[in-house]
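# Topology and contacts: notes
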Amino acid sequence: MPAISEISSPRTLYDKVFDDHVVHKDESGSYLLYIDRHLVHEVTSPQAFEGLRTAGRKVRRTDCTLATVDHNIPTVSRKTLKNIDTFIKEDDSRLQVKTLEQNVKDFGVTYFGMTDDRQGIVHVVGPEQGFTLPGTTVVCGDSHTSTHGAFGSLAFGIGTSEVEHVLATQTIIQAKSKNMRITIEGKLSPGITSKDLVLHVIGVIGTAGGTGSVIEFAGQAIEELSMEARMSICNMAIEAGARAGMIRPDNITLEYIKGRPLAPKGAEWEKAVSYWNSLYTDEGAHFDYDIVIKASDIIPTITWGNSPQDALPITGKVPDPADVSDPIKKASIERALSYMGLTPNTPLKELSIDKVFIGSCTNSRIEDLREAARVVRGHKKAATVKHALVVPGSGLIKKRAEAEGLDKIFQAAGFDWREAGCSMCLGMNPDILDPEERCASTSNRNFEGRQGALSRTHLMSPAMAAAAGIMGHFVDIREFPYADPVDQPKVTIEPNASESAALQKAIYDHEKTPLAPGETSEEAAEDEINDIPPEDHTAKETPSEPAGPTGMDEFTTLTSIAAPLDRANVDTDAIIPKQFLKTIKRTGLSAGLFYEWRFAKDASGNMVKTDFVLNTPPFTKSQILCVTGDNFGCGSSREHAPWALKDFGIRSIIAPSFGDIFYNNSFKNGLLPIRISQDVIEKVLYPLAVAQKELTIDLPQQKIFGPDGEVLVDHFDVEPFRKHCLVNGLDDIGITMQKEDFIQKYEDVRRSKFSFLEGGSKLIVPVKGTKKSPYGNKAQEW
Ligand SMILES: CC(C)[C@H](C(=O)O)[C@@H](O)C(=O)O
Ligand code: SF4
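Predicted model, so just to flag it, every value in this text is computed and none were measured. (Residues numbered from 1 in each chain as written. Chains lettered and ligands numbered in written order. Predicted model: local features only at pLDDT ≥ 70, side-chain atom pairs only at ≥ 80, totals over all residues. Heavy atoms only, no water.)

So, on to the overall build of the protein chain. Looking only at helices and strands, the protein chain features 27 helices and 28 strands. Among the 782 residues that make up the protein chain, the fraction classed as buried is 65%. Of all intrachain contacts in the protein chain linking residues separated by at least 6 positions in sequence, the fraction that spans at least 24 positions is 77%. Counting every atom, the protein chain has about 27,200 Å² of accessible surface; 52% of that belongs to carbon and sulfur. (Helix = DSSP H or I, 4+ residues; strand = E, 2+ residues; numbered from the N terminus. Buried < 20%, exposed > 50% of the residue type's maximum accessible area, 1.4 Å probe, protein only. Contact = heavy atoms within 4.5 Å. Areas by Shrake-Rupley, 256 points an atom, 1.4 Å probe, with all protein chains shown as cover.)

This next bit is on the packing of helix α2 (residues 46–55) against helix α4 (residues 91–107). At a closest axis distance of 10 Å, the pairing of α2 and α4 adopts a crossing angle of 40 degrees. Regarding the angle of α2 to α4, the classification is oblique. Considering only the axes of α2 and α4, their crossing is left-handed. Residues P46, F49, L52 and R53 of α2 lie in contact with α4, whose contacting residues are Q96, T99, L100, N103, D106 and F107. (Axes fitted to C-alpha atoms, helices over the stretch in contact; angles between N-to-C directions. Parallel < 35°, antiparallel > 145°, perpendicular 65-115°, else oblique. Left-handed = near helix turned anticlockwise from the far one by under 90°.)

Moving on: the packing of aromatic side chains. One pass over the full model with this rule turns up 23 aromatic pairs. Ring geometry for F480 against Y482: centres 5.5 Å apart, planes inclined by 85 degrees, an arrangement best described as edge-to-face. Side by side, F480 and Y482 carry an identical accessibility label, which is buried. Clustering of aromatic rings is evident, with ring pairs tying together W269, Y275, W276, F754 and F756. (Phe/Tyr/Trp six-rings, centres within 6.5 Å; stacked < 30°, edge-to-face > 60°.)

On to the site of ligand 1. Neighbouring ligand 1 are the residues V43, T44, H71, G141, D142, S143, H144, R445, R450, S636, S637 and R638. In the model, an oxygen atom of ligand 1 is placed 2.8 Å from a nitrogen or oxygen of the S637 main chain. R638 is positioned such that a nitrogen or oxygen atom in its side chain is 3.1 Å from an oxygen atom of ligand 1. For ligand 1, whose free accessible area comes to 310 Å², the fraction covered by protein is 97%. Taken together, the residues of the shell around ligand 1 break down into 1 nonpolar, 7 polar and 4 charged. Summarising the domain contributions, the shell around ligand 1 has at least three residues from each of domain 1 (4–295 + 736–760) and domain 3 (551–730). (Near = heavy atom within 4 Å. Polar contact = N/O pair within 3.5 Å; in protein donor to acceptor, adjacent residues only side chain to side chain. Nonpolar A, V, L, I, M, F, W, Y, C, P; charged D, E, K, R; others polar. Domains from an automatic or database assignment.)

The next point concerns the sheet that holds strand β17 (residues 416–417). Two pairing modes exist for strands in a sheet, parallel and antiparallel, and in both the strands are linked by backbone hydrogen bonds. Pairing is parallel across the open sheet formed by 5 strands, whose spatial order is β17-β16-β15-β18-β19. Because the sheet does not close on itself, it has two edges, and the strands there are β17 and β19 (456–459). Inspection of the sheet shows strand β15 (residues 355–358) paired to strand β18 (residues 438–441) by 3 bridges, in the parallel sense. Across the sheet, the residue bridging to K355 is C439, located in β18. (Pairing = 2+ DSSP bridges.)

Let us look at helix α5 (residues 122–129). Counting buried positions over the 8 residues of α5 gives 8, a clear majority of the element. Those residues of α5 lying buried are V122, H123, V124, V125, G126, P127, E128 and Q129. Once α5 finishes, G130 follows within two positions and takes phi at roughly 80 degrees, a positive value.

Taken together, the neighbourhood of ligand 2 is formed by H71, H123, D142, H144, S360, C361, C422, C425, L426, N444 and R450. Along the lines of polarity and charge, the residues of the shell around ligand 2 split into 4 nonpolar, 5 polar and 2 charged. Counting contributing residues, the shell around ligand 2 receives three or more from each of domain 1 (4–295 + 736–760) and domain 2 (301–487).

Within strand β10 (residues 213–218), 6 of the 6 residues are buried, leaving the element largely enclosed by the surrounding structure. Of the two faces of β10, the one lined by S213, I215 and F217 and the one lined by V214, E216 and A218 are each fully buried. Examined bridge by bridge, strand β9 (residues 178–185) and β10 share 6 bridges and lie parallel to one another. Its bridge partner lying in β10, N179 is registered against V214.

A separate point is the confidence of the model for the protein chain. Overall, the prediction assigns the protein chain a mean pLDDT of 90, with 89% of residues at 70 or greater. For residues 511–550, every residue scores under 50 in pLDDT, and the model assigns this stretch 98 contacts once sequence neighbours within four places are set aside. Confidence drops under a pLDDT of 50 for residues 769–782, and excluding neighbours within four residues, the segment shows 28 contacts in the predicted structure. Interface confidence for the predicted complex, expressed as ipTM, amounts to 0.99; the pTM equals 0.91. (pLDDT = per-residue confidence, 0-100.)

For the rest of this paragraph, the subject is the sheet that holds strand β27 (residues 703–705). As summarised here, the arrangement of the 7 strands in space is β25-β24-β23-β20-β26-β27-β28, forming an open sheet in which the pairing is mixed. For this open sheet the edge positions go to β25 (672–675) and β28 (711–713), each flanked by a neighbour on one side alone. Between one strand axis and the next, the sheet turns through 35 degrees on average, direction left out of account. In terms of strand pairing, strand β24 (residues 652–655) meets β25 through 4 bridges, oriented parallel. What sits directly across from I654, in β25, is I674.

Residues L154, I182, I184, F217 and W276 are the most contacted members of the largest nonpolar core, which totals 96 residues. For this core, the element with the highest residue contribution is helix α7 (residues 194–205), accounting for 7 residues. In this structure, W276 is in contact with L133, P134, P249, L254, I257, P264, W269 and F756, ignoring residues within four places of it in sequence. Core analysis: the next-biggest nonpolar cluster, separate from the first, contains 62 residues, I576, F648, I674 and L726 among them. (Core = buried A, V, L, I, M, F, W, Y, C linked by side-chain atoms within 4.5 Å.)

When cut into domains, the protein chain gives domain 1 (4–295 + 736–760), domain 2 (301–487) and domain 3 (551–730). Taking only C-alpha atoms into account, the centre of domain 2 sits 33 Å from that of domain 3. Facing 14 residues of domain 2, the contacting portion of domain 3 comprises 17 residues. Together domain 2 and domain 3 conceal approximately 1,300 Å² of surface at their shared face, both sides included; 53% is due to carbon and sulfur atoms. Contact with domain 3 buries surface across domain 2, with I328, M428 and F447 losing the most and accounting together for 44% of the total. Across the domain 2-domain 3 interface, the total number found is 1 salt bridge. (Buried area = accessible area lost by both parts, 1.4 Å probe. Salt bridge = Lys/Arg side-chain N within 4 Å of Asp/Glu carboxyl O.)

With that out of the way, let us pick up the UniProt feature "domain: Aconitase A/isopropylmalate dehydratase small subunit swivel" (unreviewed entry) in the protein chain. As recorded in UniProt, the feature "domain: Aconitase A/isopropylmalate dehydratase small subunit swivel" (unreviewed entry) lies at residues 552–678. Across residues 552–678, the secondary structure splits into 20% helix and 21% strand, with the terminal C-alpha atoms separated by 29 Å. (UniProt positions renumbered as here; feature names shortened; annotations may be inferred.)

Counted by the stated rule, this structure contains 46 salt bridges. Between R53 and D106 there is a salt bridge, with the nearest N and O atoms lying 2.9 Å from each other. Pair noted here: R53 is in helix α2 and D106 is in helix α4, with a separation of 53 residues, a long-range link. R53 gets classed as partly exposed once you look at its relative accessible area, which sits at 34%. Given a relative accessible area of 44%, D106 falls into the partly exposed group. In this structure, K386 engages D354 in a salt bridge whose closest nitrogen and oxygen atoms are separated by 3.9 Å. With a gap of 32 residues between them, K386 in the loop between α13 (366–376) and β16 (387–390) and D354 in the loop between α12 (327–340) and β15 connect regions that are remote in the sequence. Residues joined in a network through salt bridges with shared partners are D36, R60, R61, D63, E740, E747, R750 and E758.

As structure tokens, this is what we get:
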């Protein structure tokens, strides 16, 4: 950890937080980072705890670890909740919750269970408790960990193998990401929310726009936002492909944190504040990408398709594939329109809905609920809307909302008031859409099948979702007739034709991320993979450490036909849908691989195989997947995606680019993702795949050969340490444990310099067998 005084060149906020967490740096520029805060939930932790158990390891810092349940739990009233066994009806969901309960007991981890008011969505709970603090590193086996960056922390999602790595070592192996700044210049117009802002940003830069970068959101519009609004923005940084989103901590941040149960107190608070005040981007610091967006260009925004980048101003219309010449884009628009049941050129405001979902880690906080309640007050849900769900992000938010009478407002309008959880954001619990139902949703992902098989999700702000529930179709919130004129935002609507046209155009052509001067896209891609240290002497000592429970397979050469897949933005929800995440094992997932693409109901309602490539011989036996489109494996951090691919027999995936977390997770499981330029894939590899010819991937040589031994790809990039681990089947936890001296040294410095971080989750007052919060009503201002 370099002392701040040793670093003279101007640094970004991200550089500063990163520098202060370096435990060890390898010559190649890869780092071991200390993790201050680790959040744990039931879906991505069972296999990690099991790994610890098998290897005889313990949780290194229980005080830095906090667990809760959120994804699987029913959100119906808990008045009858006596125990999990009778309350959670679905066997696999119950098993996952009970497994976490056993694990937190066995390993001594602080836990908020279903009888505790502090239970809730993990990304709501961390900030609410003051567990998330500025300048910290925060991880969780969940992609929306980016939420916590709103506090000026470096927060990112990790896979289950990394969860195990952090539990065992309190560190993570990371490369330095690129610095990207998105400045929102000027003031947001009245009635425009942070959700409109972030959907607009993703609509402009695209879901791969932030790949390999940490985005700092800056500018007047951001500075004027509340902490809750800032969290909604950083929450969705992952949907722009970024590793993390960050916002400089300021007085609004400090006000929010002060007095929370786990926030530092007294002299430690003062010490913390003086450190936190140093966390800003220095004048003249270098950004690899610098994007400026005018706040006045942002109007209410919703999505129309199956990717968060399919965002449009509400004044727009459903895109027309006839306007696109690029065949991949055209096909993907056609596919989304057919899935979403949309006709080109229909004005968005004319689309009617079946259901409303107000909740999720993006928009389930008290301000979101207030915003929705203002819209709903004095109105009734449209008769055509079958169900409108309101799901608070935590038990404490629920209580707070009830104290303000928000529950009554929702109920009077015919909306359903629920208990805290992820609910219909993902539908791992009983809250799902029926096939072909259209939903106005405040969540963050509109992927195929996410809210239920064949579900149709449109993302928007809480006010817009509530208004759609009242009117029965999408509305421009600026035109909505609030029952109480006091609630009505004072806005004038002058749709700016050229701006709307520009955004409508972005649908067809997302702005390519501007590359730094002198940098080629190959160089940028190469930088992205420097996530791991190079081969070093410590690696050779690993046999003395217990082998990893994953039983990492060695990977040297692979000869196989390659299954051709002509799609872009294949998200991990599509690779392995939510219903298959309920396992507590790493194996047995092949049946769920690409489930909604591989299986469909026939006329008599039986599930039958489709003509999807992996169902079609000889590709049922392919060990290579050859993908033409960008961003394979984007979205969720579920390591179930590489587990399912591997279980099916796939050992390598070739694509132009990959989702960051998926890329990382693949290496941990003996699966080799290879980045090859789209041009080479389309011209050379894809045609051979279609022709059922064998390819040979040679990892030691980093080459790809054709069926007659001819060189097809003379060199592909793979970071040396990753290659070393893959070729030798090595477990990187063991390797990190060899750096114990460095970890201890860091912890010594941390205890004095960052003493305000000590205590952590151990400061939680246990509430045994009671639903009462120990913090009294007054303290529950948050
Ligand atoms: C279950 C979890 C791995 C997943 C994520 O990483 O995001 C989930 O929260 C989601 O939103 O899809
Ligand atoms: S995105 Fe949805 S499923 Fe994932 S953590 Fe947030 S609320 Fe839960």
